[in-house]
Amino acid sequence: MLTVIESIAEWSATRDDFSDLARERARHAIIDTIGCMIAGRCDFSTQAVRAAFTSSIGKSGAAYVAGGGRANPAIAALVGATAAHALDYDDNFKPGMSHASAVLVPALLAVAEAEKANGRRLVDSYLVGLQAQAFAGAGVYPSHYTAGWHATSTIGCIGTAAAVAWLKGLDAEGIARALSIAVSMAAGTKGQFGTPIKPLHAGFAARNAVEAAELAAAGMTGRLDILEGEQGFLELFGGFDPKGWDTSRILATSAHVIETVGVMPKRHPCCGSTHLVVDMILDLKEKVGFGPSDVASVETLVGIANQRNLAYPEPDDEMEARFSMQYCVSRAIAKGRLDLSDFTLGAVSEHGRDDLLRRIAMRSYSQGEESAEGDSLPHRLVLRLTDGRVFESERKYAKGTISDPFTAMDRTAKFHDCCSDLSHIQAVELLGRLENVEWEGDISFIGQVLQAETRTAGRMAGAG
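Residues numbered from 1 in each chain as written. Predicted model: local features only at pLDDT ≥ 70, side-chain atom pairs only at ≥ 80, totals over all residues. Heavy atoms only, no water.

All right, on to empty space enclosed by the protein then. Using the criterion set out here, one finds one cavity of 30 Å³ or more in the structure. Each pocket or cavity is described by its volume, and for the largest cavity that value is around 90 Å³. Forming the walls of the largest cavity are 13 residues, and the residues nearest its centre are Met 37, Tyr 64, Leu 109, Ala 110 and Leu 450. Elements with a minimum of two residues in the lining of the largest cavity: helix H4 (73-85), helix H5 (100-115) and helix H22 (444-451). Examining the composition of the lining of the largest cavity, we find that four residues originate from one element, H5, more than from any other. (1 Å grid on protein atoms, 1.4 Å probe; cavity = no way out; pocket = protein on both sides within 12 Å on 5 of 7 lines; lining within 4 Å. Points joined across faces, edges and corners; volume = space filled by probe spheres on them. Helix = DSSP H or I, 4+ residues; strand = E, 2+ residues; numbered from the N terminus.)

Another aspect to go through is the nonpolar core. Of all hydrophobic cores here, the largest spans 140 residues; its most connected members are Tyr 126 and Phe 233. The residues touching Tyr 126, leaving out its near neighbours within four places in the chain, are Ala 26, Ala 29, Ile 30, Asp 91, Ser 101, Leu 104, Val 105, Leu 108, Ile 258 and Val 263. Judged by nonpolar contacts, the second largest core, of seven residues, contains Cys 36, Ala 39, Leu 87 and Tyr 89. (Core = buried A, V, L, I, M, F, W, Y, C linked by side-chain atoms within 4.5 Å. Buried < 20%, exposed > 50% of the residue type's maximum accessible area, 1.4 Å probe, protein only. Contact = heavy atoms within 4.5 Å.)

The subject of this paragraph is the pattern of salt bridges. Applying the stated rule across the entire model yields 29 salt bridges. Across the pair Arg 358 and Glu 314 runs a salt bridge, and its minimum N-O distance is 3.0 Å. With Arg 358 in the loop between helix H18 (345-351) and strand E4 (360-364) and Glu 314 in the loop between helix H15 (304-309) and helix H16 (318-321), this pair connects stretches of sequence that are 44 residues apart. Residue class for Arg 358 comes out exposed when judged on its relative accessible area of 52%. Notably, a salt bridge pairs Lys 399 with Asp 404, separated by 3.4 Å at the nearest N-O pair. For Lys 399, a relative accessible area of 18% translates into the label buried. The network of salt bridges with shared partners includes Arg 267, Asp 279, Asp 283, Arg 395, Lys 399, Asp 404 and Asp 410. (Salt bridge = Lys/Arg side-chain N within 4 Å of Asp/Glu carboxyl O.)

Okay, helix H6 (residues 119-138) next. The end-to-end C-alpha distance of H6 is 29 Å, a good match for the 28 Å that 20 residues give at a rise of 1.5 Å each. The backbone nitrogen of Arg 120 lies 3.2 Å from a side-chain oxygen of the residue at the head of H6, namely Asn 118. (Expected span 1.5 Å × (residues − 1). Polar contact = N/O pair within 3.5 Å; in protein donor to acceptor, adjacent residues only side chain to side chain.)

Every buried residue of helix H3 (residues 44-52) is listed here: Ser 45, Thr 46, Val 49 and Arg 50. All buried residues of H3 fall inside an arc of 135° around its axis, so they share one side. Within H3, the exposed residues directed more than 90 degrees away from the buried face are Ala 51 and Ala 52. Elements in contact with the buried residues of H3: helix H2 (20-40), H4 and helix H10 (197-217). (Arc of directions from axis to C-beta.)

Secondary-structure assignment places Ser 125 in helix H6. Polar contacts involving the side chain of Ser 125 include one to the main-chain carbonyl oxygen of Leu 122, which spans 2.9 Å. In this structure Ser 125 touches Leu 108, Ala 163, Trp 166 and Leu 167, once residues within four positions along its chain are discounted.

A separate point is the sheet that holds strand E3 (residues 295-302). An order of E4-E3-E5-E6 is seen for the four strands of this open sheet, with the pairing classed as mixed. In the strand order of this sheet, the two ends are held by E4 and strand E6 (390-395), each with one partner. When the angles between neighbouring strand axes are averaged without regard to direction, this sheet yields 15°. For strand E5 (residues 379-385) and E6, the ladder comprises six bridges, and the chain directions are antiparallel. Its bridge partner lying in E6, Leu 383 is registered against Phe 391. Running over the sheet, helix H14 (residues 275-288) touches E3, E5 and E6 and is turned about 40° from E5. (Pairing = 2+ DSSP bridges. Axes fitted to C-alpha atoms, helices over the stretch in contact; angles between N-to-C directions.)

The next subject is the packing of helix H8 (residues 151-167) against H10. In contact at an axis separation of 8 Å, H8 and H10 are set at 35° when each is read in the N-to-C sense. In this structure, the crossing between H8 and H10 has a hand that is right-handed. Where H8 abuts H10, its residues Thr 152, Ser 153, Gly 156, Cys 157, Thr 160, Ala 161, Val 164 and Ala 165 lie against His 201, Ala 202, Ala 205, Asn 208, Ala 209, Val 210, Ala 212 and Ala 213. (Left-handed = near helix turned anticlockwise from the far one by under 90°.)

Only a minority of non-glycine residues have a phi that is not negative, and only a minority of peptide bonds are not trans. For the peptide bond that leads from Tyr 141 to Pro 142, omega is -10°, which places it in the cis range. Positioned with a positive phi, Asp 88 is a non-glycine residue whose angle comes to about 55°. Relative to the assigned elements, Asp 88 resides in the loop between H4 and H5. Of note in this structure, Met 97 is not a glycine but carries a positive phi near 55°. Within the secondary structure layout, Met 97 lies in the loop between H4 and H5.

Counting across every chain of the model gives five aromatic pairs. Ring plane angle 85° and centroid distance 5.5 Å describe the contact between Trp 11 and Phe 135, whose orientation is recorded as edge-to-face. Highlighted residues: Trp 11 in helix H1 (residues 4-13) and Phe 135 in helix H6, separated in sequence by 124 residues. Overall, Phe 135 belongs to the buried group, its relative accessible area being 7%. Against the face of Trp 166 rests Arg 121, its NZ or CZ located 4.2 Å from the ring centre. Between Arg 433 and the ring centre of Phe 445, over which it is positioned, the NZ or CZ distance is 3.9 Å. (Phe/Tyr/Trp six-rings, centres within 6.5 Å; stacked < 30°, edge-to-face > 60°. Lys NZ or Arg CZ within 6 Å of the ring centre and 35° of its normal.)

What follows is the structure in structure tokens.
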């Protein structure tokens, strides 16, 4: 009987027949992530990583590095994935409990350059890795995340290792070796949320995935039952109620997870745990019309893991603001939207102590309620206005999910928000090429754009 790793590797090694829908959604996810990399390449977290590894970044190397220079693929992946996750604008992926694309895309871009891979190989490898993240995450969902593990850095590392190994041309045995190695490299705690370490988790995961695949290509081996076996991933990382894996289901998978569940591009550049509530606020604001002075109170009900993520009721800086329900809701009420300008040090200094924040409360479901209902519980909102009106709302799906998808206009608007440091012509031309990336024989143009100097310094280290 095959182990879980062998089953994932067997599925991955035989994939080259993805549907047109899967490829289209993969292209959308890749475009979204590249936009986030452009927006985040001058953030403090990214710049700190570049400074730490400056001796490894120069004029030579197999891959372009976000922010300038070239380096080996592992370092390029480290910097690129940190940039992709720096502003918390990158997509969510429920089956992996991860920011899947922020790890996958930078790792694959770095290796694709070294391997001289074309756009179609990039798209195919993305789909291999996304499904591998779904497979790996299924065995520990959701208790792994609730226990405090940052699945972007754990599940993301494991699934991306399969993608990188596939892109490098490894067979099923080679992909299995990469997966086993990646399990030993998986780490990252949610206690770091709200600090510059959180985006570095994506960087670690991408770098580790690249190195796991390189080690596998060199013949390094590990236990192939390390996910489910004694003292393995399930036992150590699974949390209070891990489900385990069904290898027959893995092997029988036909419809890709991007078709059945999808990835969720973010409408708002902040922690996804705020998004259902912020969406409800924006829906009500459009329907009813109200401002900060009209609000008597806002009561929110969220999941346990969501409440634990949002630890900063009165944030001191832009990192904490992204993990503050109170700040995100307050700015949404005031502006009717959230964008990158709300998450700068200047914006938080001005609005992080607004009186409205103290009128916004958050509580979570009980452990018993979550155990009984699984992940089907909606987030709820009670909005009380000063004129006595009360509005109640609930949402199970955020804007960007398959149930409430982005339109083409939504995708374009977000990409241009991320690319505000490029000229309009540059952004339009880049988006046009990325929309047809599958037919590009040479994808080095992506790395070249990530090299470009910014026209503004608004998101430089120390400036938010």
